[in-house]
Amino acid sequence: MSELKMVVTDLDGTLLQDDQTISREDNETLQILGEMGICRVAATGRNLFKVKKALKPDDPFDYVICSSGAGIVEWNTQKMIYSIHLDHQLVQELIDYLISNHFNFKVSDTFPDNHNFFWWQDHECPELERYIQVHSKMGRSERIQADKKYGSSQFLLFFEKESNHFEEVKSILSNQFPTISIIRT
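Note that the structure is predicted; figures quoted are calculated from it, not measured. (Residues numbered from 1 in each chain as written. Predicted model: local features only at pLDDT ≥ 70, side-chain atom pairs only at ≥ 80, totals over all residues. Heavy atoms only, no water.)

Bringing the pairing of strand S4 (residues 71-74) into the picture now. Side chains Gly71 and Val73 of S4 all project onto a buried face; the interleaved residues Ile72 and Glu74 project onto a face where none is buried. Where strand S3 (residues 63-66) folds back on S4, the antiparallel hairpin that results is connected by four residues, among which Ser67 adopts a positive phi of roughly 50°. Examined bridge by bridge, S4 and strand S5 (residues 79-83) share four bridges and lie antiparallel to one another. In the sheet register, Glu74 faces S5, and the bridge partner there is Lys79. Between S4 and S5, which pair antiparallel one after the other, the connecting turn spans four residues, and Gln78 there sits at a positive phi close to 65°. (Buried < 20%, exposed > 50% of the residue type's maximum accessible area, 1.4 Å probe, protein only. Helix = DSSP H or I, 4+ residues; strand = E, 2+ residues; numbered from the N terminus. Pairing = 2+ DSSP bridges.)

Let us now look at the sheet that holds S4. In spatial order, the strands read S1-S2-S3-S4-S5; together these five strands make up an open sheet with mixed pairing. In this open sheet, the two strands that pair with only one neighbour each are strand S1 (6-9) and S5. Direction aside, neighbouring strands of the sheet carry axes that sit 20° apart on average. (Axes fitted to C-alpha atoms, helices over the stretch in contact; angles between N-to-C directions.)

Moving on to the sheet that holds strand S6 (residues 104-108). Strand pairing in a sheet relies on backbone hydrogen bonds. The paired strands run either parallel or antiparallel. Here we have four strands laid out as an open sheet, ordered S8-S7-S6-S9, and mixed in their pairing. Among the strands making up the open sheet, the edge pair consists of strand S8 (141-143) and strand S9 (154-158). Strand-to-strand twist in this sheet, taken as the mean axis angle between neighbours without regard to direction, amounts to 20°. Looking at chain direction, S6 and S9 are connected through five bridges and run antiparallel. Opposite Val107, over in S9, you have Phe155 as the bridge partner. In the packing of helix H5 (residues 126-135) onto the sheet, contacts are made with S6, strand S7 (117-120), S8 and S9, and the angle to S7 comes to roughly 155°. (Contact = heavy atoms within 4.5 Å.)

And the structure:
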């Protein structure tokens, strides 16, 4: 059996308590892991802006993976060590496709500014409306304009709560855009 080298944890629903803090016991465990030389990583779908609302720079992590892998931050120095974004042409093709196929969606700006976003609403969608209301307080929020070019690190499609169309849409998008990665959150 190999020696433990790294521990990775999610934040929401796993490490963070209801009040968005780390319990004393979990904090102590993370400290001990660090003293043992074990790399401590938080991996989350949160953007960096939202991560910094929950974690302090002195919280016991070596790295934080943000935005479902769009960026990695060396936590003790707060230095961004990795980021990825989608090709500008691909972003435009995805936007055009999603609009023409009547999807509700948002386009995150490039990491680490992906707390800013652009959105498109084709039909009534309470989930998207709630998202815009909550997240526009954290950054810039604009309706997508046909003549504007966008950079992006990720897209988010909105389905009605009771919808079971994810797998069908994933299959269609994967065939249409084979270079993208699609996850359900």
